[in-house]
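What follows is each chain in one-letter form.
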Amino acid sequence: MGVDTVISTVLGNPQLRLIEAAVQCRVRRFAPAEFEGQPIQRGQNALLDRGRNSALALLHHYRANIQYTVFVCGILYERFSVNGMMSHRLGTHSGYGNEGDFIADPRQMTSMAPIYDANQNLSCICLTSAYDVAQFVVRALDMPTWPSEMSMCSERMTVHALVEAIRVCRSKYHHRLSDERALLTCP
Amino acid sequence: MSLDRPWASIDYQAPASTQVFSTTSMQSLTDYADLEYQMTMAQLGGDTAGQRRLAPLLATAEGRYDFAVPAYLNSVYPDVQVTRFQDWFLRNWASIP
C-alpha cells in the first residue's frame, strides 16, 4: 500500500517539501520537475535553474531512501503552441508561458532565432511533445531500476531548421485558406 | 498566390555581422554578442521579465537543450512512435489564419 512513484511538476520550496514528505512516507521513486535539458548543461545559471538543482541535491542526500531520475526531453513542442504553454497548463511561472515568448511568434510571423553558438556553429535543439514525454514516462515506470538520467527526444534539429519548419507550416495554412476563400467567392 | 510566406520580421542571432540570410524581406540582424548585450541591459535595468525571456534564447544558442540522439528512452523503447514537429505544429495551429 501507499504511493510508489511521485512525478513532480512543482518547483522551488514546494518541491523540496514534497521530496521530504515523500521520503517520510517511504515513497519508492521520485521524478523531480525537470523535463527540459540536461542538468549539467544548465550549470549554476539561476535563470535556467529555478530551484531545480536544490531539488536534485536533496534527492541525492536521500538517495539511500528514495530512487530518482531526471527526465530530459529538451524543449517541449508546447512552447510553440497557440495561446502558449499556459494553454496546456504548463510553464505558468516560467516567464515564457505565453504565445510567442520563445524563438517564434507564429501568429505575428516574427522570430528571434538564436541559430548559432558562440563558435559560429549552427545550434541544435532537441524537441519533444508533451504527449511523447507521457508515453516514455509511463514506460519508464515499469523499469526495474532507474538510471540517474533518462533522455527522450521527438525530433532533433538545428534552430534554423526549426524556424524554417514553422514558417513553412504557416505558409501551408495561409495558402490553403486563400484557396478556400477563392473557392467561396467563385460564382 | 505564392506558397512562400515570409516572416514579418526575423532576428537571427548570427555570429558575424557579415553573415546575411536572405530568406526574408524585413529582417534585422543581431549577433550572439548582441543577445548577450540585451541580457546585460536587462540585468542592469532590473528587467526580470526580459532576463527570463532572454535566458532560454541564450541557452538555445549555447546548445544547452541539445543532447545525443537516439536518446536513452528512444533506444530502450524503439516501438514508441514519436510525433514529428511539423505534424504537431500543423495540427496545433490549424484554426489560426
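Parameters at a glance
Residues numbered from 1 in each chain as written. Chains lettered and ligands numbered in written order. Predicted model: local features only at pLDDT ≥ 70, side-chain atom pairs only at ≥ 80, totals over all residues. Helix = DSSP H or I, 4+ residues; strand = E, 2+ residues; numbered from the N terminus. Contact = placed C-beta atoms within 7 Å. Pairing = 2+ DSSP bridges. Nonpolar A, V, L, I, M, F, W, Y, C, P; charged D, E, K, R; others polar. Core = buried A, V, L, I, M, F, W, Y, C linked by C-beta atoms within 7 Å. Buried ≥ 20, exposed ≤ 12 C-beta atoms within 10 Å, placed from the backbone. Domains from an automatic or database assignment.

(A) Seen up close, the environment of Gly95(A). Along the chain, Gly95(A) turns up in the loop between β5 (75-76) and β6 (104-105). Put simply, Gly95(A) and Arg63(A) are 32 residues apart on the chain and 32 Å apart in space, counted from C-alpha to C-alpha. Once you skip the residues sitting within four places of it in the chain, Gly95(A) turns out to touch Ala49(B), Arg52(B) and Arg53(B).

(B) Representation of the pairing of strand β7 (residues 110-113) of chain A within the structure. Residues and elements named next belong to chain A. Summarising the sheet, β6 and β7 pair through 2 bridges and their orientation is antiparallel. Residue pairing across strands places Asp105 opposite Thr110, the latter belonging to β7. Between β6 and β7, which pair antiparallel in sequence order, lie 4 residues; one of them, Met109, sits at a positive phi of approximately 55 degrees.

(C) A look at the sheet that holds strand β3 (residues 67-68) of chain A. All names here are of chain A. Strand order in the open sheet made by the 3 strands is β1-β2-β3, with parallel pairing throughout. Each end of this open sheet is capped by a strand with a single partner; those strands are β1 (5-7) and β3. Two strands pair when backbone bridges link them, and strand β2 (residues 29-31) and β3 are joined in this way by 2 bridges, in the parallel orientation. Across the sheet, the residue bridging to Arg29 is Gln67, located in β3.

(D) Representation of the interface of chain B and chain A. Counting residues at the interface gives 52 residues for chain B, matched by 63 residues for chain A. Elements that contribute at least two residues to the side of chain B that touches chain A include exactly β1 (9-14), α1 (32-44), α2 (48-61), α3 (72-76) and α4 (85-92) of chain B. No other element matches α2(B), which puts 10 residues into the side of chain B that touches chain A. Across the side of chain B that touches chain A, the residue classes break down as 34 nonpolar, 9 polar and 9 charged.

(E) Inspection of the sheet that holds β5(A) at higher detail. Residues and elements named next belong to chain A. Reading across the sheet, the 3 strands line up as β5-β8-β10 and stay open at both edges, with mixed pairing between neighbours. In the strand order of this sheet, the two ends are held by β5 and β10 (155-158), each with one partner. Across 2 bridges, the pairing between β5 and strand β8 (residues 124-128) is parallel. Residue pairing across strands places Ile75 opposite Leu127, the latter belonging to β8.

(F) Broad picture of the nonpolar core. Counting 58 residues, the largest nonpolar core has Phe71(A), Ala113(A), Ile125(A), Met152(A), Val163(A) and Ile166(A) as its most contacted members. At 6 residues, α2(B) tops the list of elements feeding residues into this core. Residue assignment places this core across two domains, with domain 1 (1-72) and domain 2 (76-128 + 154-187) of chain A each supplying three or more. Apart from the residues lying within four places of it in its own chain, the contact partners of Ile166(A) are Phe80(A), Ala104(A), Pro106(A) and Phe89(B).

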